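Letter by letter, the chains look like this.
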Amino acid sequence: MRLGPADIPGLVELERLCFAVPWNAKQYRTVMDNPPFRVFGLHHDEGLAAYLTLFASDFEMEILNIAVRPDLRRMGLGRRMLAHVLQLCRKMGIQRGYLEVRRSNAAARRLYEAFGFEEVGVRKGYYPDNREDAIVMRLEFETGQPG
């Protein structure tokens, strides 16, 4: 489901659980009014279980964040959400997608590769918390896998 301004408190809470450098409520309020910015999420009994943020314009998109609540990981929520969002992108006519992922995040890299993302570059020292490299990945939608 698509999330909006009312979901910002849940997004901020999940950010804090999942990321060393989380987005705050002000950042979400700023981008929620920007039409290319979209947030999709899955709810669970106790609130927001997972979300994915992206910018989509013209024929390209970039996944900014994908997060699953730590106690609900390895249940396929991230895979389900990514599959849904990529299907929507295809319907929108998106031809290419990008994302950055920590070099050490092997589980996320395997997930993205299962959907057809390929490594195309490295951003040295990209992450501000520990200066870890980011692997840049690209998906060509006409050749990407269904996941």
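The following paragraphs examine the structure supplied in this document. None of the values given here were measured: they were computed from a predicted structure.

Each value, and the rule that gives it
Residues numbered from 1 in each chain as written. Predicted model: local features only at pLDDT ≥ 70, side-chain atom pairs only at ≥ 80, totals over all residues. Heavy atoms only, no water. Axes fitted to C-alpha atoms, helices over the stretch in contact; angles between N-to-C directions. Helix = DSSP H or I, 4+ residues; strand = E, 2+ residues; numbered from the N terminus. Parallel < 35°, antiparallel > 145°, perpendicular 65-115°, else oblique. Left-handed = near helix turned anticlockwise from the far one by under 90°. Contact = heavy atoms within 4.5 Å. Nonpolar A, V, L, I, M, F, W, Y, C, P; charged D, E, K, R; others polar. Phe/Tyr/Trp six-rings, centres within 6.5 Å; stacked < 30°, edge-to-face > 60°. Buried < 20%, exposed > 50% of the residue type's maximum accessible area, 1.4 Å probe, protein only. Salt bridge = Lys/Arg side-chain N within 4 Å of Asp/Glu carboxyl O.

### Concerning the packing of helix 1 (residues 8-18) against helix 2 (residues 25-32)
- Two elements in contact, helix 1 and helix 2, have axes separated by 9 Å at closest approach and are oriented at 130 degrees. Regarding the angle of helix 1 to helix 2, the classification is oblique. The handedness of the crossing between helix 1 and helix 2 is right-handed. Every residue of helix 2 that contacts helix 1 at Ile 8, Leu 11, Val 12 and Glu 15 is listed here: Ala 25, Tyr 28, Arg 29 and Met 32.
- Its residues assigned to classes, the contact of helix 1 with helix 2 comprises six nonpolar, no polar and two charged.

### Some points on the packing of aromatic side chains
- Under the criterion given, the structure shown has five aromatic pairs.
- For the ring pair Tyr 126 and Tyr 127, a centre distance of 5.0 Å and an interplane angle of 85 degrees mean the geometry is edge-to-face.
- The class for Tyr 127 is buried, based on a relative accessible area of 14%.
- Ring pairs connect the aromatic residues Trp 23, Tyr 28, Phe 37 and Phe 55, which therefore count as one cluster.

### Quick word on the pattern of salt bridges
- If you walk through the whole model with that rule in mind, you get ten salt bridges.
- The salt bridge partner of Arg 96 is Glu 140, with a shortest N-O separation of 2.9 Å. Within this pair, whereas Arg 96 is found in strand 4 (residues 96-102), its partner Glu 140 is found in strand 6 (residues 134-140), the two being separated by 44 residues in sequence.
- Overall, Arg 96 belongs to the partly exposed group, its relative accessible area being 26%.
- By relative accessible area, Glu 140 is classed as buried at 18%.
- Residues Arg 102 and Asp 129 are paired through a salt bridge, measuring 2.8 Å at the closest nitrogen-oxygen approach. In this pair, Arg 102 is assigned in strand 4 and Asp 129 in the loop between strand 5 (118-123) and strand 6, connecting sequence segments 27 residues apart.
- Each of Glu 60, Arg 96, Arg 138 and Glu 140 takes part in salt bridges that share partners, so that together they form one network.

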